[in-house]
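Residue-level structure breakdown
Below, each chain spelled out in residue letters.
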Amino acid sequence: MLHPDTNEAPVYNLYINGQWRTPRSELYEPTFDPATGEILGYVAKADAEDTREAIRAAREAFDDGYWASMAPGERSRLLHQIVDAVEERQFELAELEMRDGGCTWRKATLMDIPVGLIHFRHFAKLADFEPLEPLPQIQFPALSYNYVRREPIGVCGQIIPWNFPFLMAIWKIAPALAAGNTVILKPASYTPLSALKLVEIIHDTGLLPPGVLNLVTGPGQVVGPELCSNPMVDKIAFTGSTEVGRDIIRQAASTVKKMTLELGGKSPNIILEDADLDLAVDGSLWATFMHNGQACESGTRLFVPTSIYDEFMERLVDRARQLKVGLPDDGETDLGPVISAGQLHTIEDYIQVGIQEGATPVLLGERPTDPELANGFFITPTIFTDVRNDMRIAQEEIFGPVLAVIKYDTVDETIRMANDTIYGLAAGVWSRDVERAISVANRIKAGTVWINDYHLISAEAPFGGYKQSGLGRELGVYGLHEYTEVKHIHVDLTNSRDARFWYDIVVPRKE
Ligand code: NAP
Ligand code: MG
């Protein structure tokens, strides 16, 4: 906890009601580059009263009706202009994304920023939706005309994690704004900078009325409970761990808020006997080690059939050894640092757990010795074989570059193990026989199943979890609908009292 005036790094304030404001406490927290330990900036530490101020601003902006009742085409036009402005500054955003969260330059420039822009545009386009949906003619008990009107929900509190900071900010604010809601966004404390820059760019366009978009940085344990329990907030959208997700449900229960939760995962990745091995080996590495396994949908439980096991594993381990662990700004780095010292220790602890449980580390993760990496949180990949599905390393989300490989004999047995988890976010199936792969995909309890691919999250497709991986869906048209209330309007067309009100009807009791 520091006062920023003694330091040189930039200072970031709260964004409330269209203005940048200092936190009431005047306290700021540093945010670091996990590759070097360098302090990148000092970020405002909001308290509950700062949060309430942002909530009041969002409430007033919603209730004045200007944004909520704007013609959908107009809202869409403004959002497209905002996306244009964000796109112009994409390299600035990529730089911040890399430095604040430790993702590789490859990930920032090939995935986070361009995909975020595509997803933002998707919702800018969807903002021009038809809010009235006619229902089939209803004749009983009398002729009536019926339709559904989609309305914005209201004030949305949105809490996001550190692993995809820019993309998660887009997934939250874009559909909420597109549907006419107002927003208070709370970024993760490890990675607030790209969301702050995004909001700064939006502010500079001058296109959003004050209070429609607010950003509050600060401890999740302070800002979160206020957002979740404040009666002026209508909806909570949260992406993060299942543990905090359970807490969010508890906090939001007193005011029965609308809710979407995108939580953890331990996704199965299933190789079928007839898989194209080159594709499946690279795909399995990608499924597990992309962003060091710090993705909720990472395919960290790999199921390999006995018949091709030895060949598959030989190739997989060989390719994994070649993955380059290095500084994120090196354009060839595959694995940069993990997010924090705490996360590094968690990963090392899980490696010990796996060894104690009797799994075999055919590739053992260790801290690299390269002096260039000495100040960051780096660890090389781990692959465990001889894993049983009931081991902790197969059941618990590690959120690091650790793969658990399970050998199997029959597909039925694999599907049973794949589904034997509290999670249900995603899965992969690899086969040359698409029909067979689809029949496996149909039996997996997960919100997304990729066949011969992994991590591909399209703007048009819904994303979200079965079981304890979450509630609701993001993206597609589903993501927009999660930010709307559905109102049924019934218009009687008969103007007759007959058959509708009971006052003139006598119903004799049956003997
Ligand atoms: P986390 O610890 O659950 O934190 C997520 C967010 O919640 C952060 O902004 C955090 O703020 C805030 N928070 C912490 N305690 C809170 C509380 N008591 N009430 C309300 N908010 C609170 O998760 P993380 O470590 O940042 O992210 C990793 C997790 O996110 C993994 O489990 C991953 O699977 C999941 N994830 C899921 C998806 C998906 O779409 N399903 C996508 C990405 C990540 P502070 O940063 O200030 O603590
Ligand atoms: Mg940081």
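This section reports on the structure supplied with the text. (Residues numbered from 1 in each chain as written. Chains lettered and ligands numbered in written order. Predicted model: local features only at pLDDT ≥ 70, side-chain atom pairs only at ≥ 80, totals over all residues. Heavy atoms only, no water.)

Let's talk about the coordination of the magnesium ion (ligand 2)
Convention followed: Each metal's donors are the N, O and S atoms within 2.8 Å of it, or within 3.2 Å when it is Na, K or Ca, and because water is not part of the set, sites may look incomplete. Strands are runs of DSSP state E lasting at least 2 residues, helices are runs of H or I lasting at least 4, and numbering of each runs from the N terminus. Accessible area is worked out with a 1.4 Å probe on protein chains only. A residue is then buried under 20% of its type maximum, exposed over 50%, and partly exposed in between.
Coordination sphere of the magnesium ion (ligand 2), protein contribution only: T31 (OG1), F32 (O), D100 (O), D100 (OD) and Y190 (O), at 2.2 to 2.7 Å. Summarised as a motif, the one-chain spacing of the donors to the magnesium ion (ligand 2) is T-F-x67-D-x89-Y. With T31 in strand 4 (residues 28-32) and D100 in helix 3 (residues 90-101), the pair connects residues that are 69 residues apart, well separated along the chain. Across the pair, D100 and T31 agree in class, each one buried.

Quick notes on the packing of aromatic side chains
Note the following rule: Stacked, tilted and edge-to-face are the three classes assigned to paired rings of Phe, Tyr and Trp, where Trp is represented by its six-membered ring and a pair needs centres within 6.5 Å; plane angles under 30 degrees give stacked, over 60 edge-to-face, the rest tilted. A positively charged side chain is recorded as over a ring if its NZ (Lys) or CZ (Arg) lies within 6 Å of the ring centre. The angle to the ring normal must also be within 35 degrees.
Counted under the stated rule, the structure contains five aromatic pairs. Aromatic side chains W171 and F463 sit 5.5 Å apart centroid to centroid with 65° between the ring planes, which places their arrangement in the edge-to-face category. With W171 in helix 5 (residues 165-178) and F463 in the loop between strand 19 (448-451) and strand 20 (470-471), this pair connects stretches of sequence that are 292 residues apart. Ring geometry for W450 against Y454: centres 4.7 Å apart, planes inclined by 45°, an arrangement best described as tilted. With respect to class, W450 is no different from Y454; both count as buried. Here K107 stacks its cationic end above the ring of F164, 4.0 Å away from the centre of that ring. Seen from the ring of Y483, K235 lies directly overhead, with NZ or CZ sitting 4.1 Å from the centre.

Some words on helix 14 (residues 434-443)
Each α-helix turn comprises 3.6 residues. Residues three or four places apart therefore point the same way. Rules: The directions considered for the arc are those from the helix axis to the C-beta atoms. Pairs of residues are marked as contacts when any of their non-hydrogen atoms sit within 4.5 Å. Two N or O atoms count as a polar contact when they lie within 3.5 Å, although within protein this holds only if one can serve as hydrogen donor and the other as acceptor, and sequence-adjacent residues are included solely when both atoms are side-chain atoms.
Within helix 14 the residues assigned to the buried category are A437, V440 and A441. For helix 14, the arc enclosing every buried residue in end-on projection is 100°, short of the 170-degree limit, so these residues lie on one face. Among the exposed residues of helix 14, those oriented more than 90 degrees off its buried face are E435 and N442. Looking at the buried residues of helix 14, the elements they touch are strand 13 (268-271), helix 13 (411-419), strand 18 (426-430) and strand 19. The backbone nitrogen of E435 lies 3.2 Å from a side-chain oxygen of the residue at the head of helix 14, namely D433.

Quick notes on a negative patch on the surface
Selection rule: Residues enter a patch when their relative accessible area is above 30% and they make no salt bridge; the linking distance is 9 Å between like charges and 5 Å between nonpolar side chains (Val, Leu, Ile, Met, Phe, Trp, Tyr). For accessible areas, the Shrake-Rupley method is used with a probe of radius 1.4 Å. Any residue's cover is judged against the shown protein chains and nothing else. For this document, the term salt bridge refers to a Lys or Arg side-chain nitrogen within 4 Å of an Asp or Glu carboxyl oxygen. The positive count covers Lys and Arg only, the negative count covers Asp and Glu only, and His and the chain ends enter neither. Where a charge sits is defined by one atom per residue type, namely NZ (Lys), CZ (Arg), CG (Asp) or CD (Glu).
The grouping of E95, D329, D370 and E372 at the surface amounts to a negative patch. One can find D329 in the loop between helix 10 (309-321) and helix 11 (341-356). The class of D329 is exposed, set by a relative accessible area of 53%.

Concerning the sheet that holds strand 14 (residues 301-305)
How we decide: Whether two strands pair depends on DSSP finding at least two bridges between them. Comment: axis = line fitted to C-alpha atoms, over the contacting stretch for helices; angle = value between 0 and 180 degrees taken between N-to-C directions.
With mixed pairing, the seven strands of this open sheet are ordered in space as 15-16-17-14-13-18-19. Looking at the sheet topology across the chains shown, the edges are occupied by strand 15 (360-363) and strand 19. Geometrically, the sheet is characterised by an average inter-axis angle of 25° between neighbouring strands, direction not taken into account. Summarising the sheet, strand 13 and strand 18 pair through three bridges and their orientation is parallel. Its bridge partner being in strand 18, I270 is matched across the sheet by V429.

Some thoughts on the pairing of strand 19
Operational definition: When the strands point away from the viewer, a crossover counts as right-handed if the route from the first strand across the helix to the second turns clockwise.
Burial along strand 19 is one-sided: the face carrying T448 and W450 is buried and the face carrying V449 and I451 is not. As judged from the four bridges shared by strand 18 and strand 19, these two strands associate in the parallel manner. By the bridge assignment, A426 is partnered in strand 19 with T448. This β-α-β element, strand 18 to helix 14 to strand 19, shows right-handed connectivity.

Topic: helix 4 (residues 105-126)
To keep it simple, the criterion reads: Any helix carries an expected span of 1.5 Å times its number of residues minus one.
The terminal C-alpha atoms of helix 4 lie 30 Å apart, and with 22 residues this matches the ideal 32 Å at 1.5 Å per residue to within 8%. Among all positions of helix 4, only K107, A108, M111, D112, I113, G116, L117, H119, F120, H122, F123 and A124 are buried. Those residues of helix 4 that are buried are in contact with helix 2 (72-88), helix 3, helix 5, helix 6 (193-205), helix 9 (277-289) and helix 15 (476-481).

Thoughts on the site of ligand 1
As a reminder, the rule being used: Note on terminology: near, applied to a residue and a molecule or strand, indicates that one of the residue's heavy atoms is within 4 Å of it. Note that Gly is not counted as nonpolar here; it falls among the polar residues with everything else outside the nonpolar set of Ala, Val, Leu, Ile, Met, Phe, Trp, Tyr, Cys and Pro and the charged set of Asp, Glu, Lys and Arg. The split into domains, and so the bounds of each, comes from an automatic or database assignment of domains.
Residues in contact with ligand 1 amount to 30 residues; listed here are only the nearest, I160, S189, S241, L263 and E397. Between G220 and ligand 1, the recorded distance is 2.8 Å, taken from a backbone N or O atom to an oxygen atom. Isolated, ligand 1 exposes 900 Å² of accessible area, and the fraction of that covered by the protein chains is 88%. Looking at the shell around ligand 1, the elements that each hand over two or more residues are helix 7 (220-229), strand 11 (235-239) and helix 8 (242-253). Among the elements that make up the shell around ligand 1, the one with the highest residue count is helix 8 (four residues). Looking at the shell around ligand 1 residue by residue, the class counts come to 15 nonpolar, 11 polar and four charged. A domain split of the shell around ligand 1 shows at least three residues from each of domain 1 (51-263 + 465-488) and domain 2 (268-451).

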